Amino acid sequence: MNATATQLDKRNELLVRWAESRSVTDDLFRIVRTDALYDRPIPERHRIVFYIGHLEAFDWNLIAGKALGLGPAHKEFDRLFAFGIDPVGGGLPSDQPSDWPRLPEIDAYNLHVRQEVDRIINHTSPASAHHWKYPEEIILNVAIEHRLMHAETLAYMLHQLTAERKIAPRSYRPVGSPQSGPPIAARMIDIPAGRAMLGLSRKGEAFGWDNEFEDHSVEVPAFAIDAYKVTNGEFLSFVHEGGYDDQRFWSDADWAWIKEQNVGHPRFWLERQGQWFYRAMFEEVPLPLDWPVYVSHAEASAYARFAGKSLPTEAQFHRAAYGTPEGAEREYPWGDAPPGLGRGNFDFQRWDPVAVGAYPRGRSAFGLEDTLGNGWEWTSSHFAPFPGFEPFPFYRGYSADFFDGKHYVMKGASPQTGACMLRRSFRNWFQPHYPFVYTSFRCVSN
Ligand SMILES: [Fe+2]
């Protein structure tokens, strides 16, 4: 195959993924009842309606604005829908539903932007002849992954809507009463000292966000790590043994947060008449003891102290998930085959977790289960640039705004993480007092 044909194939694949990412987010907004579209399910975030306009405004501002230097699609909406909110200890937004445009106006804006952006991408617009200031392939990857990241953060947000405010899609299979199998035998795996190759090389062709560069190796001393993610059942013993009332397990800031916010159990749980239930996406079910527990970084750290362990560093997680006893690293925990069915709970296959260890075909070389899928995993590493970091010139704040010592790296993937973001260099991050994310954890002994 000659170079041109290969380039065409690559471009076609990008365009297919572009269209697929739009259907993912279009389908997601359909689960919200119309009268709930101006709700604010998470107090620190924008109302849902913001995100309806945001995805198209972002594409326009990036592709037409930054990459091609064109004028606005809609002066007011391009700006109104440009930026979300990162909730770190600030005040809560106080806007009212009436402060936002009505849906028909936003729908008209979205339709117009999609048509114009498509004409640019398909080279049927006069603007297509403009010089791209940045490589078109990188810009399209940014647009696709930005949209899919929002598909996940929107899922967290819609998770907080009560069941009456949303409609399960036809494909949804109720969780019902998940039957717990025999309890897993929690165990730790010894990982010998070795090297972890973090990051992504600029010499390669793979797309990565600015924070994934440059690749570099880190020497990791020997340690032991949990084979499984910590389960709801294990976390229940922390709750029953008074973990939320024992200051010894919490840093000062974390303790202040749980007392101020009255946090006494994971956000996804609820207690009714002495029984624990789990708030799944579309129903409440008896607490599934063998599912991974989803908690904030503060709660994960407290549990680790309670267990006499700690959270893994980013390099420890990487070594345990991708390293091999022979030394060479794998592309994915299970090997070099691309992610597919049976390898893990990711890429929108399900709305909720499954029992830990349900995907033996996703096991890492060292024997860890579920390192990619079924919930992100907290690390003890602050989100910081790798040596050689350079911000994307068209999106300078994407990572750099969060190198503030207030965010921690998450690795792996959740059930709602798109397949393209399952590459091993991908890094996610959140602040420690945000209990809504699909993030699990496992512990290490050093
Ligand atoms: Fe965004």
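Further remarks concern the overall build of the protein. A count of helices and strands for the protein gives 10 helices and 12 strands. Computed over the C-alpha atoms, the radius of gyration of the protein is 22 Å, within 12% of the 22 Å expected from 2.2 N^0.38 for a compact globule of 446 residues. With respect to the three principal axes, the spread of C-alpha positions in the protein is 65 × 55 × 40 Å. Across the protein, the fraction of contacts at a sequence separation of at least 24, relative to all contacts at a separation of at least 6, is 78%.

Attention now moves to unusual backbone geometry. Where the residue is not glycine, phi is negative for most of them; where a peptide bond is considered, it is trans in most cases. A cis amide bond, omega 5°, links Phe 213 with the succeeding residue Glu 214. With respect to the element layout, Glu 214 can be found in the loop between β2 (194–198) and β3 (216–220). Phi angles above zero are rare outside glycine, and Phe 348 is one such case at about 65°. Along the chain, Phe 348 turns up in the loop between α9 (314–322) and β8 (375–382). On the basis of relative accessibility, which here comes to 23%, the residue Phe 348 falls in the partly exposed class. Its identity as a non-glycine residue notwithstanding, Asn 374 has a phi of 70°, on the positive side.

Moving on, we come to the side chain of Thr 379. In this fold, Thr 379 is placed in strand β8. Classification of Thr 379 as buried rests on a relative accessible area of 0%. A distance of 2.8 Å separates a polar side-chain atom of Thr 379 from the backbone oxygen of Val 409. Residues contacting Thr 379, with those up to four places away along its chain left out, are His 297, Leu 311, Pro 312, Thr 313, Glu 314, Tyr 408, Val 409 and Lys 411.

Going through the model one piece at a time under the given rule, you end up with 27 salt bridges. We note a salt bridge from Arg 165 to Asp 35, for which the minimum N-O separation is 3.6 Å. Here Asp 35 lies in the loop between α1 (3–30) and α2 (48–67) and Arg 165 lies in the loop between α5 (136–159) and β1 (188–191), a separation of 130 residues in the sequence. When its relative accessible area of 24% is taken as the criterion, Arg 165 is described as partly exposed. Between Glu 116 and Arg 119 there is a salt bridge; the shortest N-O distance is 3.0 Å. Taken together, the positions of Glu 116 and Arg 119, both in helix α4 (residues 103–121) and three residues apart, correspond to about one turn of that helix.

Thresholds, definitions, all that
- Residue positions are counted from 1 within each chain, in the order its sequence is given.
- Restriction of local features to residues with pLDDT of at least 70 applies here, the model being predicted, together with a cutoff of 80 or more for giving and counting side-chain atom pairs; totals for whole chains, interfaces and linings are based on all residues.
- For side-chain calculations, the full set of non-hydrogen atoms in the structure is used, while hydrogens and water are omitted.
- Elements are defined by DSSP. Helices are runs of H or I of four residues or more, strands are runs of E of two residues or more, and each kind is numbered from the N terminus.
- Computation of the radius of gyration draws on C-alpha atoms, with the globule rule given as 2.2 Å multiplied by the number of residues to the power 0.38.
- Any two residues whose heavy atoms approach within 4.5 Å at even a single point are treated as in contact.
- Exposure classes here rest on a 1.4 Å probe applied to the protein chains alone. A residue is buried below 20% of its type maximum, exposed above 50%, and partly exposed in between.
- Think of a polar contact as two N or O atoms within 3.5 Å of one another; within protein, one of them needs to be a possible hydrogen donor and the other a possible acceptor, and neighboring residues in sequence only count if both atoms come from side chains.
- We define a salt bridge as a side-chain nitrogen of Lys or Arg found within 4 Å of a carboxyl oxygen belonging to Asp or Glu.

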